[in-house]
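What follows is the residue order along each chain.
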Amino acid sequence: MKPPPPRPPRDGSRKYHDRVARKYDAIYEDPFWKFHDEVTWGLIKPFLPRTMPAACADLGCGTGKWGLKLLKSGFEVMFLDHSAAMVEEVRKKLESNPRAKKATLVVGDIVGMPELATGAFDLVTAMGDPLSICSDPLRAVREFARVTKVGGVVCATVDNQLAALDYYIERGNLDALEAFVKSGRTNWLTNNEAERFELHTFTPLEIERLFADNGFEVIEVVGKTVIPGRDNRKLLEGEGAIDRLVEMERRLARDPASAGRAGHLQVAARRR
Ligand SMILES: C[S@@+](CC[C@H](N)C(=O)[O-])C[C@H]1O[C@@H](n2cnc3c(N)ncnc32)[C@H](O)[C@@H]1O
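Report follows, based on the coordinates. (Residues numbered from 1 in each chain as written. Predicted model: local features only at pLDDT ≥ 70, side-chain atom pairs only at ≥ 80, totals over all residues. Heavy atoms only, no water.)

1. Brief notes about the packing of helix 3 (residues 31–44) against helix 4 (residues 65–72)
Moving on, step 1. Taken N-terminus to C-terminus, the directions of helix 3 and helix 4 make an angle of 50 degrees; their axes are 12 Å apart at the nearest point. Between helix 3 and helix 4, the interaxial angle falls into the category oblique. Helix 4 is crossed by helix 3, and the crossing has right-handed handedness. Packed against helix 3, whose contacting residues are Asp-37, Thr-40, Trp-41 and Ile-44, the element helix 4 presents Lys-65, Trp-66, Lys-69 and Leu-70 at the interface.
Moving on, step 2. Of the residues belonging to the contact of helix 3 with helix 4, the class tally is 4 nonpolar, 1 polar and 3 charged. (Axes fitted to C-alpha atoms, helices over the stretch in contact; angles between N-to-C directions. Helix = DSSP H or I, 4+ residues; strand = E, 2+ residues; numbered from the N terminus. Parallel < 35°, antiparallel > 145°, perpendicular 65-115°, else oblique. Left-handed = near helix turned anticlockwise from the far one by under 90°. Contact = heavy atoms within 4.5 Å. Nonpolar A, V, L, I, M, F, W, Y, C, P; charged D, E, K, R; others polar.)

2. Here we look at the site of the ligand
Moving on, step 1. With respect to spatial proximity, 20 residues lie near the ligand, and among them Gly-60, Asp-81, Asp-109, Ile-110 and Met-127 are the closest.
Moving on, step 2. Measuring from a nitrogen atom of the ligand, one finds a backbone N or O atom of Gly-60 at 2.7 Å.
Moving on, step 3. In the model, a nitrogen atom of the ligand is placed 2.9 Å from a nitrogen or oxygen of the Asp-109 side chain.
Moving on, step 4. When the free accessible area of the ligand is taken as 600 Å², the share hidden by the protein chains comes to 94%. (Near = heavy atom within 4 Å. Polar contact = N/O pair within 3.5 Å; in protein donor to acceptor, adjacent residues only side chain to side chain. Areas by Shrake-Rupley, 256 points an atom, 1.4 Å probe, with all protein chains shown as cover.)

3. Regarding helix 10 (residues 204–212)
Moving on, step 1. Along helix 10, the positions that sit buried rather than exposed are Pro-204, Ile-207, Leu-210 and Phe-211. Along the axis of helix 10, the buried residues cluster in a sector spanning 130 degrees; they form a single face. (Buried < 20%, exposed > 50% of the residue type's maximum accessible area, 1.4 Å probe, protein only. Arc of directions from axis to C-beta.)

4. Some details on helix 3
Moving on, step 1. Under the 1.5 Å per step criterion, the end-to-end length of helix 3 is 20 Å for 14 residues, consistent within 8% with the ideal 20 Å.
Moving on, step 2. Burial runs high along helix 3: 10 of the 14 residues are buried.
Moving on, step 3. Within helix 3, burial applies to Phe-32, Trp-33, Phe-35, His-36, Asp-37, Val-39, Thr-40, Trp-41, Leu-43 and Ile-44.
Moving on, step 4. Buried residues in helix 3 make contact with helix 4, strand 4 (121–126), strand 5 (148–160), strand 8 (216–224), helix 11 (241–253) and strand 9 (264–271). (Expected span 1.5 Å × (residues − 1).)

5. With respect to the pattern of salt bridges
Moving on, step 1. Under the criterion given, the structure shown has 15 salt bridges.
Moving on, step 2. A salt bridge links Glu-198 to Arg-185, with the nearest nitrogen and oxygen atoms 3.1 Å apart. Highlighted residues: Glu-198 in strand 7 (residues 197–202) and Arg-185 in strand 6 (residues 185–188), separated in sequence by 13 residues.
Moving on, step 3. Given the relative accessible area of 13%, Glu-198 is considered buried.
Moving on, step 4. Three or more residues joined by partner-sharing salt bridges are found here, namely Asp-11, Arg-14, Lys-15 and Asp-18. (Salt bridge = Lys/Arg side-chain N within 4 Å of Asp/Glu carboxyl O.)

6. Some thoughts on a positive patch on the surface
Moving on, step 1. A cluster of basic residues, Lys-45, Lys-69, Lys-72, Arg-99 and Lys-102, forms a positive patch at the surface.
Moving on, step 2. The topology assignment puts Lys-72 in helix 4.
Moving on, step 3. Overall, Lys-72 belongs to the exposed group, its relative accessible area being 66%. (Patch = residues over 30% accessible without salt bridge, like charges linked within 9 Å, V, L, I, M, F, W, Y side chains within 5 Å. Lys, Arg positive; Asp, Glu negative; His and termini not counted. Charge placed at Lys NZ, Arg CZ, Asp CG, Glu CD.)

7. Topic: the environment of Asp-122
Moving on, step 1. Looking at the secondary structure, you find Asp-122 in strand 4.
Moving on, step 2. The sequence separation of Asp-122 and Ser-183 amounts to 61 residues, and the corresponding C-alpha distance is 33 Å.
Moving on, step 3. Once residues within four sequence positions are removed from consideration, Asp-122 is found in contact with Pro-49, Ala-54, Ala-55, Lys-149, Gly-152 and Val-153.

8. Some words on the packing of aromatic side chains
Moving on, step 1. Tallied over the entire structure, the rule returns 11 aromatic pairs.
Moving on, step 2. Taking the centre distance of 6.1 Å and the plane angle of 70 degrees together, the rings of Phe-32 and Phe-35 count as edge-to-face. With Phe-32 and Phe-35 both in helix 3 and 3 residues apart, the pair spans about one turn of that helix. Each member of the pair, Phe-32 as well as Phe-35, carries the same accessibility label: buried.
Moving on, step 3. Their ring planes at 15 degrees and their centres at 4.6 Å tell us that Tyr-168 and Phe-180 sit as a pair that is stacked. (Phe/Tyr/Trp six-rings, centres within 6.5 Å; stacked < 30°, edge-to-face > 60°.)

Structure (structure tokens):
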């Protein structure tokens, strides 16, 4: 059997995200992402801290989509991303934000976060798959456990290995399929080789175990999105379409087996 493909350089993700930071929000402005984001917020909301003051961390914050919502909800928020350009986008948005005093910005890597105090956060979000993108998901989850208060919750998304199988099946390369099934590792391919990075994909059971074995009680692992709204844009058109799709997602999410067909998995886990 052939060995897995060579690993791309470690800072490919940082380079890629630095380049796209300024246009990042525009890339995600369409009906599918509206649907996706409503589903995401619906899965985070039940875990918002109930007492104030409370501290949240948005890890792999990008342009701040989730951290800014948490800030708006009244919490203190630590924004952390390894792309300085992404953190700069958050800083610009905070210039006109009345709650900016409650925000802290850090350029850092989720695999080791010496800037963040131990047991500091009631809620940690890591959305848009920084755990899949980072160099060492195990170390990152241990860092999540270190910085989360006992009883606090982490909500994180990862790439779903089961959904990524199709890519290898379409190519008809048995060696590549086998290597992927064994390792869960694949590459984010962009034209610029310096911007390529490795992605760690997980099955629902693997992501559950990663958290359960490293200081968390797993509350749920939900597929996102189970309805592949991107595959037929017609589904997203028309009045009320997104609300109806969100409702269908909620219904499907009640069966954990539905996670198998989603591109991403969202885990919610409580720090033991
Ligand atoms: C797909 S974006 C998602 C951004 C944002 N969380 C959202 O949901 O809109 C992934 C983000 O994770 C960041 N990231 C990837 N690996 C990281 C790491 N090891 N440490 C910190 N940030 C990382 C990237 O720079 C990028 O901003």
